[in-house]
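Secondary and tertiary structure notes
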Amino acid sequence: MSDKPDKLITDDGLRLDGRRADEIRPMKIEIGVLSRADGSCYLEWGRNKILVGVFGPREAHPRRLQRADTAVIRYRYNMASFSVEDRARPGPSRRSIEISKVSREAFEPVIMAELFPKTAIDIFVEILQADAGTRTAAINASSIALADAGIPMKGLVTSCAFGKVDGQIVLDLNKEEDNYGEADFPVAMTQDGEITLLQMDGHLTPEEIKKGLELIKKGCKEILEIQQTVLRKKFETPVEEPEAKAEETEIEAEETEPSLEYAPEAAVVEEVIEEAEELEEELSEETTEAGAVTETVPEAEELEEIVKEAEAEVVDGEAIEEAIEAEAEEEAEEETEEEAEEEAEEEAEEEAEEEAEEEAEEEAEEEAEEEAEEEAEEEAEEEAEEEAKGPWKVVKDPSESGSRGENDE
Ligand code: CDP
């Protein structure tokens, strides 16, 4: 164990790990880390490392512990022997039994245990590395593991401690502050602000407690946000924004519209024509005025030039229109040629098919005729043979009839 530092808070208000009085240590949460547990969580908070597994609701054993009207909540806080500087003695201790009890009570108001009578909900906490504030860290991790297990809860439970260090009230004590500070005050609360755990180790005035509880509210709010973010990341199904969908369909609609190769140029031509017409009108009006007022003549000249330019552009525009028409005609011709070729090919195919069918029919007929003729000939031959043999029936040679012939003899 390290010796007590001279100052736990520097003159500029910073703590040994660089935090301000109202800041919590960095927290990292992983959800669903144990495949055999119904819910699990691994949490790092500063140098604390904690693993929680939740099992249940499952049949409570031994059966005498079962309750007919509700589930039994069991919370077991355990420190790994390697989790602290000096070896922690394995097995339950006064301290771990106490922490298990107060932590279970911190969850009882939120877990809807009445929905699962005769069952047990087991929360196993393993402290892998301890660095002050392990009970609060374990409650934060258990909250996530319970949610991961799908245990119905009225809300999440968050936990944080404040303490008194060098006469100052600070949030979330680290190891040195816990060891050499004047007080340690762990608190757990529901997300509605209802306090479900409150302990005090040391001496604090009511004002100090009031100030500390304000810091706790701030700390628990930050922790709740971290917990919610982790849970949302795991369980929230992304919903497609209707606006985004509408935009997509618009883009698709734009893409599916036939692209007119000359459309932009045609639009420009139209604009130029319109401008030119307007200018002409204005010019005719102003030139009449110019006849009366000599000062306006230079403007009229300028306008004439603009009109000429516009006309030139119109000519260009006309040329483009002609080009469009010419191309459209060419395309139409090509299309008609292609159509004609396709029709000719189709006709040729149809003719070939018809011919093939006719040939097949003819062959089939010829074969049928030949077969009929052959059958007729064979029948005629057989009849002629029978007639030649006379009215007698053909009798088998007795010598060919095997044993029977032998017995007759
Ligand atoms: O961890 P928490 O602050 O909730 O409980 P504590 O009893 O105030 O313990 C403060 C710290 O003392 C623990 O976090 C451990 O780092 C350390 N400790 C230890 O070194 N050996 C023990 N047997 C128990 C606690």
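Summary of the structure given here. As the structure is a computational prediction, the values presented were derived from the model and not from experiment. (Residues numbered from 1 in each chain as written. Predicted model: local features only at pLDDT ≥ 70, side-chain atom pairs only at ≥ 80, totals over all residues. Heavy atoms only, no water.)

Further remarks concern the sheet that holds strand E3 (residues 48-59). The strand order E1-E2-E3-E5-E4 describes an open sheet built from five strands, whose pairing is mixed. Where the open sheet ends on each side, the last strands, each with one partner, are strand E1 (27-31) and strand E4 (72-79). Going across the sheet, the axis of each strand differs from the next one's by a mean of 15°, ignoring polarity. Helix H4 (residues 206-235) rests against E1 and strand E2 (39-45) of the sheet, and its axis sits at about 30° to E1. (Pairing = 2+ DSSP bridges. Helix = DSSP H or I, 4+ residues; strand = E, 2+ residues; numbered from the N terminus. Axes fitted to C-alpha atoms, helices over the stretch in contact; angles between N-to-C directions. Contact = heavy atoms within 4.5 Å.)

On to the site of the ligand. Every residue close to the ligand is listed here: Met 79, Val 84, Arg 95, Ala 130, Asp 131, Ala 132, Gly 133, Thr 134, Arg 135, Lys 175, Asp 178 and Asp 184. The side chain of Arg 95 places a nitrogen or oxygen atom 2.7 Å from an oxygen atom of the ligand. Between the ligand and Gly 133 there is a distance of 2.8 Å, counted from an oxygen atom to a backbone nitrogen or oxygen. Across the complex, the protein chains shield 75% of the 500 Å² of accessible surface that the ligand would expose by itself. Under a 2 Å grid-point criterion requiring more than half of the atoms, the pocket assigned to the ligand is the largest pocket. At the level of secondary structure, the elements contributing two or more residues to the shell around the ligand comprise helix H2 (134-148) and helix H3 (175-180). (Near = heavy atom within 4 Å. Polar contact = N/O pair within 3.5 Å; in protein donor to acceptor, adjacent residues only side chain to side chain. Areas by Shrake-Rupley, 256 points an atom, 1.4 Å probe, with all protein chains shown as cover. 1 Å grid on protein atoms, 1.4 Å probe; cavity = no way out; pocket = protein on both sides within 12 Å on 5 of 7 lines; lining within 4 Å. Sits in = over half its atoms within 2 Å of the grid points.)

Looking now at the pairing of E4. Within E4, six of the eight residues are buried, which leaves the element mostly enclosed by the surrounding structure. With eight bridges connecting them, E4 and strand E5 (residues 119-129) associate as parallel partners. Paired with Tyr 75 across the bridge in E5 is Ile 123. The parallel pair E4 and E5, bridged by helix H1 (residues 94-107), forms a crossover whose chirality is left-handed. (Buried < 20%, exposed > 50% of the residue type's maximum accessible area, 1.4 Å probe, protein only. Right-handed = clockwise from strand over helix to strand, strands pointing away.)

Taking 1.5 Å of rise per residue, 14 residues should cover 20 Å, and H1 covers 21 Å from first to last C-alpha, within 8% of that figure. Looking at H1, one finds that the buried residues are Ser 96, Ile 99, Ser 100, Val 102, Ser 103, Ala 106 and Phe 107. Buried-residue contacts for H1 involve E4, H2, strand E6 (157-165), strand E8 (183-190) and strand E9 (195-198). (Expected span 1.5 Å × (residues − 1).)

Attention shifts here to the environment of Thr 229. Considering the arrangement of structural elements, one finds Thr 229 in helix H4. Spatially, the C-alpha atoms of Thr 229 and Ile 29 are 9.8 Å apart, while their sequence positions differ by 200 residues. Of the polar contacts made by the side chain of Thr 229, one reaches the backbone oxygen of Glu 225; its length is 2.6 Å.

With that settled, the discussion passes to the nonpolar core. Core analysis: the biggest nonpolar cluster contains 58 residues, and Val 54, Ile 111, Val 125 and Leu 146 have the highest contact counts within it. The contact partners of Leu 146, leaving out residues within four places of it in the chain, are Val 54, Phe 107, Ile 111, Ile 121, Ile 123, Ile 151 and Met 153. Counting residues in hydrophobic clusters, the runner-up holds six residues, among them Val 165, Val 170, Leu 173 and Tyr 180. (Core = buried A, V, L, I, M, F, W, Y, C linked by side-chain atoms within 4.5 Å.)

Looking now at the layout of surface pockets. Where empty space is left becomes clear once a probe the size of a water molecule has been rolled over the atoms. Each pocket or cavity is described by its volume, and for the largest pocket that value is around 890 Å³. Together, 41 residues line the largest pocket, and Met 79, Arg 95, Ala 132, Lys 175 and Asp 178 are the ones closest to its centre. Sorting the residues of the lining of the largest pocket by element identifies E4, H1, H2, H3, E8 and strand E10 (201-202) as the ones contributing at least two each. Here the lining of the largest pocket takes five residues from H3, the largest share from any one element. Of the residues in the lining of the largest pocket, the class split is 12 nonpolar, 14 polar and 15 charged. (Points joined across faces, edges and corners; volume = space filled by probe spheres on them. Nonpolar A, V, L, I, M, F, W, Y, C, P; charged D, E, K, R; others polar.)

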